[in-house]
Amino acid sequence: AQESLQSQSGWVPLLLALLHEYTASDSYWQPYFSLWKDFSSLDHPMFWPEEERKRLLQGTGIPEAVDKDLANIHMEYSTIILPFMESHPNIFDPKLHTLELYKQLVAFVMAYSFQEPLDEEDEDEKGPNPPMMVPVADILNHVANHNANLEYSPQCLRMVTTQPISKGQEIFNTYGQMANWQLLHMYGFAEPYPGNINDTADIQMVTVRRAALQRARSKAEQQLVSEQWDFLCQLEMVGEEGAFVLGWEEVLTEEELSMTLKVLCMSEEEFKEYKEQDGWEDDSDEEENSVLSNEALSRLKPPCKKLLYDSVLLTLESYGSDLKAEQDLLNNKEAYEKLSQREQQALHVRYGQKRILHQLLELVR
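Residues numbered from 1 in each chain as written. Predicted model: local features only at pLDDT ≥ 70, side-chain atom pairs only at ≥ 80, totals over all residues. Heavy atoms only, no water.

1. Some details on the overall build of the protein chain
Regarding its fold elements, the protein chain presents 16 helices and eight strands. Taken over the C-alpha atoms alone, the protein chain extends approximately 75 × 50 × 45 Å along its principal axes. Here the protein chain holds 365 residues, and 43% of them are scored as buried. Working note: accessible area of the protein chain is about 20,600 Å², and carbon and sulfur atoms make up 50% of it. Across the protein chain, 30 positive and 63 negative side-chain charges occur, with their mean positions spaced 9 Å apart. (Helix = DSSP H or I, 4+ residues; strand = E, 2+ residues; numbered from the N terminus. Buried < 20%, exposed > 50% of the residue type's maximum accessible area, 1.4 Å probe, protein only. Areas by Shrake-Rupley, 256 points an atom, 1.4 Å probe, with all protein chains shown as cover. Lys, Arg positive; Asp, Glu negative; His and termini not counted. Charge placed at Lys NZ, Arg CZ, Asp CG, Glu CD.)

Encoded structure:
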């Protein structure tokens, strides 16, 4: 049945196996599943009420990611899982193997599965390897500053320490270089500031276009911005749903942001000449500045700085509260401890993102 179980996620075969084994009293895996009797420990944002999700996570990118997940889960269940179960009534029962259980198992796979990394030569040609459940390996928690990691070999998986570990010290795995919004979205937790050295903040690509249009003083200038944006789309540097990703030390989407700032800050004459060269030119200075480190950001040309500054301000407006309010809450131990677990986790996500955005404001001021 392999062909009928193909999906965009690639998770369906594992999820079907879990649906069956989790509900089979004689399953070989029952001792493992007994650790999660009702999945109540899984508190991914997909299980939060929509109002709470939007209120606590507005601006972080998580509500949009969850909406996509839920749409895909519903689509996968109704178009692939249900027809398969109906064709195998001796194994599956839609009244037992419900959409709600399927959603819980998706979160279970999100939080506890492993995916073997692809070889470098396969990365561009293949999609990611399908996930697999690895009992015992999945008991370790994650921190960015971890002291163990999982190594894959043809014979076995091995959890290997990366530094000496003392008796009584917790062993931490790494789930990868993940920002707090990814950790909360996929695993249901976030690292308090300043623990997550891999944290990031996004500036939506369309926000930079909006900032460029706002500073256009005439219809002709607005038209120029639209043409420049279309040109960047053709070069596949930007897209309606894309984002520029900022880390603590540098911009992680440096090529896309460099090109976008450069093109949107061109005069009509410069843009015309640049288009005639098909967007390529011999510019040794630009090569030097292609890595957008914090130092390089502070050396951007004034028009590019201004456009980036305005884009950050628009991004900060998308959150429901400002950085000072978050800081005051974190500094007030009594008030912080009164927050629910969800409110605390959401606070860590928002605060880290805003710190990165405010750091960028200072660099391009």
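2. A few points about the pattern of salt bridges
Taken as a whole and assessed by the stated rule, the structure comprises 15 salt bridges. Ionic pairing is found between R55 and E51, a salt bridge with its closest N-O pair at 2.7 Å. With a gap of four residues between them, R55 and E51 both fall in helix 3 (residues 50–57), about one helical turn apart. With its nearest N and O atoms 2.8 Å apart, the salt bridge here joins K306 to D310. Residue K306 and its partner D310 are located together in helix 13 (residues 302–317), separated by four residues, close to a single helical turn. A residue is classified by how much of its surface remains accessible, and D310, at 17% relative accessible area, is buried. Here the salt bridges share partners, and the residues they tie into one network are D43, E52 and R342. (Salt bridge = Lys/Arg side-chain N within 4 Å of Asp/Glu carboxyl O.)

3. Remarks on the domain arrangement of the protein chain
What the domain assignment reports for the protein chain is domain 1 (3–114) and domain 2 (201–364). Computed from C-alpha atoms alone, the centre-to-centre distance between domain 1 and domain 2 is 35 Å. Every contact between the two is made by 13 residues of domain 1 and, on the other side, 10 residues of domain 2. Carbon and sulfur atoms supply 49% of the area buried between domain 1 and domain 2, which totals about 950 Å² over both sides. Put simply, domain 1 and domain 2 have three salt bridges between them. Residues E52 and R342 are paired through a salt bridge, measuring 2.8 Å at the closest nitrogen-oxygen approach. On inspection of domain 1 and its partner domain 2, the count reaches six residue pairs in polar contact (both at pLDDT 80 or more). The dominant element in the side of domain 1 that touches domain 2, judged by the number of residues it contributes, is helix 3, at four residues. A per-class count over the side of domain 1 that touches domain 2 returns six nonpolar, three polar and four charged. (Domains from an automatic or database assignment. Contact = heavy atoms within 4.5 Å. Buried area = accessible area lost by both parts, 1.4 Å probe. Polar contact = N/O pair within 3.5 Å; in protein donor to acceptor, adjacent residues only side chain to side chain. Nonpolar A, V, L, I, M, F, W, Y, C, P; charged D, E, K, R; others polar.)

4. Things to note about the packing of aromatic side chains
One pass over the full model with this rule turns up 19 aromatic pairs. Both rings, one in F39 and one in F108, keep their centres 5.3 Å apart while their planes meet at 50°; by these two values the pair is tilted. Of this pair, F39 sits in the loop between helix 2 (30–33) and helix 3 while F108 sits in helix 5 (residues 99–112), and the two are 69 residues apart along the sequence. Of the two residues, F39 and F108, both sit in the buried class. The ring of W229 is capped by R209, whose NZ or CZ atom sits 4.8 Å from the centre of that ring. (Phe/Tyr/Trp six-rings, centres within 6.5 Å; stacked < 30°, edge-to-face > 60°. Lys NZ or Arg CZ within 6 Å of the ring centre and 35° of its normal.)

5. Some words on the environment of K272
Along the chain, K272 falls in helix 10 (residues 268–276). Judged by its relative accessible area of 54%, K272 falls in the exposed class.

6. Structural notes on the nonpolar core
Core analysis: the biggest nonpolar cluster contains 48 residues, and Y102 and F108 have the highest contact counts within it. Of all the secondary-structure elements, those providing two or more residues to this core are helix 1 (12–23), helix 2, helix 3, helix 4 (62–86), helix 5, helix 6 (180–187) and helix 16 (341–364). If you tally residues by element for this core, the top one is helix 4, at 10 residues. Not counting the four nearest positions on each side in its chain, F108 is found in contact with L18, Y32, F33, W36, F39, L42, S113 and M133. F231, L232, L261 and V364 belong to the second-largest nonpolar core, a separate cluster that totals 43 residues. (Core = buried A, V, L, I, M, F, W, Y, C linked by side-chain atoms within 4.5 Å.)

7. Here we look at helix 8 (residues 219–234)
In this model, helix 8 (16 residues) spans 23 Å end to end at C-alpha, consistent with the 22 Å of a helix rising 1.5 Å per residue. Every buried residue belonging to helix 8 is among L224, V225, Q228, W229, F231 and L232, and all of these are buried. All buried residues of helix 8 project into a common sector of 160° when viewed along the axis, lining one side. Exposed residues on helix 8 whose side chains face more than 90 degrees from its buried face are K219, A220 and Q234. (Expected span 1.5 Å × (residues − 1). Arc of directions from axis to C-beta.)

8. A short note on the pairing of strand 4 (residues 148–152)
The pairing of strand 4 with strand 5 (residues 157–161) spans five bridges and is classified as antiparallel. Within the sheet, the bridge partner assigned to Y152 lies in strand 5 and is L157. A loop of four residues connects strand 4 with strand 5, the two strands running antiparallel in sequence. (Pairing = 2+ DSSP bridges.)

9. Considerations on the confidence of the model for the protein chain
Summary statistics for the protein chain give a mean pLDDT of 94 and a share of 96% for residues scoring 70 or more. For the stretch residues 284–289, pLDDT sits under 50, and the model shows four contacts to residues farther than four places along the chain or on other chains. (pLDDT = per-residue confidence, 0-100.)

10. Description of a negative patch on the surface
A cluster of acidic residues, E227, D230, E268, E269, E270, E273 and E276, forms a negative patch on the protein surface. Counting residues per element, the ones that place at least two in the negative patch are helix 8 and helix 10. For the negative patch, the leading source of residues is helix 10, giving five residues. Classification of E269 by relative accessible area gives exposed; the value is 58%. (Patch = residues over 30% accessible without salt bridge, like charges linked within 9 Å, V, L, I, M, F, W, Y side chains within 5 Å.)

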